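Observations on the three-dimensional arrangement
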Amino acid sequence: MAAAVLTLLSLIYLGGLAALLCVAYSRHHFNRYTAVKAAVSCGFLVIAATAYLLGGHTADAYFRGLLPCFVLCLAGDVLLGLANNHAGFFGRWFLLGVGAFTLAHAGFCVLFTLAMPGGPRFTLWDAAAPLAALAVTAACARHKRFKLRRMHMELPALAYSLCVGLMCARGTAFGFACGGRRGALIGSLAGAAMMAVLSVFTNYFVVYPIYTAFMPMDAILGMYQAINPNVKNLWDALIWFNMPFTFIKGLISVVITFLIYKKISPLLKGRKKDSQ
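Residues numbered from 1 in each chain as written. Predicted model: local features only at pLDDT ≥ 70, side-chain atom pairs only at ≥ 80, totals over all residues. Heavy atoms only, no water.

1. Quick look at the state of the cysteines
By the definition in use, this model includes zero disulfides. Free cysteine: C69, not disulfide-bonded; nearest cysteine sulfur from C73 at 7.1 Å. We classify C69 as buried; its relative accessible area is 5%. Residue classification places C73 among the buried residues on the basis of a relative accessible area of 8%. (Disulfide = S-S within 2.5 Å. Buried < 20%, exposed > 50% of the residue type's maximum accessible area, 1.4 Å probe, protein only.)

2. A word on the nonpolar core
Core analysis: the biggest nonpolar cluster contains 13 residues, and F44, L45, F70, C73 and F108 have the highest contact counts within it. When contributions to this core are tallied by element, the ones reaching two or more residues are helix 2 (33-54), helix 3 (60-85) and helix 4 (92-114). With five residues, the single largest contributor to this core is helix 4. Those residues in contact with F44 that sit more than four places away from it in its chain are Y13, F70, C73, L74 and D77. Formed by 12 residues, the second largest nonpolar core is a distinct cluster that contains Y208, I220, Y224 and F241. (Core = buried A, V, L, I, M, F, W, Y, C linked by side-chain atoms within 4.5 Å. Helix = DSSP H or I, 4+ residues; strand = E, 2+ residues; numbered from the N terminus. Contact = heavy atoms within 4.5 Å.)

3. Here we look at helix 2
Over its 22 residues, helix 2 extends 32 Å from the first C-alpha to the last, a length consistent with the 32 Å expected when each residue adds 1.5 Å. Among the residues of helix 2, those classed as buried are Y33, T34, K37, V40, S41, G43, F44, L45, I47, A48, T50 and Y52. (Expected span 1.5 Å × (residues − 1).)

In C-alpha cells, the structure reads:
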C-alpha cells in the first residue's frame, strides 16, 4: 500500500515537472512560472512527509534534519522563480535563491555523512566530484554566455557548485554504503542524474564544437527548432532535449542492469554459479 501511494505521488510529481517545463518555454503562460514552480516544489515535501508517515515514523531524528533542508530547497525554487519572472538574473532574488540552495545542500552533506552505515568515512570520490563541479563552473564563468565575471558572481557560483558536488558525492557514497538493492538503486539513480547534468557541458564545450566542423550551427539548431520553435540557442536545445533524453538513457541502463545483474554477477566476480 505504501509503495503504491508513493509511486502515485511520484508520477504526479513528474507530471508537475513536465507542466513546469511547458510553462517555462511558453510565451503566453510564462507569467505563471513562479506559481507553478512553487506548487511543483511542494511536491517533494509532500512525498517526503508521506514516506515518513507511511514508514511508521522511523528515523525521526534524520527526518527532522531533512525537513529544514527541504524547506530551504522550496524557498530557493520560489526565489529563483521570482528572479526569472522579474528578469532579475544575478540580482537580489537570484542571490537569495542560490543562498537558500547552498545552505540546503550543505545540510544534506552533513546528514548523509552522519547517517552513513558503519560511521562517517571519506573516499577519493568525495574530492573528485566537488573538484569536477568547480572545474565546470570555472569554465562557465570564463565564457561570455554566462556573464558571471561581469556580474561579480564567480564566488557565489563556485561556492554553490562546491556544495552540489559534495552533496552528490556524499549521497552516492551513502547509497552504496547502505548495501543491497537499495544501495545499488540509489547509486545508480544518482549516477544517471549526474550523467544527464554533465552531458550538457560536455556537449556544449566538446561534442558540438566538433559537429560544427561538419555542419553549421544554424543547421543544427534548425533541427531542434523544427520540433520546438522556442529553442533560441544551443543551451536551450541541450537543456530542453539532450539532458532529459540522457537521463532517460541512464534510467534504461539502470533497469537493464537490475534485470540481468543477478544472472551475470558470477561471471563478473570470476566464479561459477552455485549448483542447485
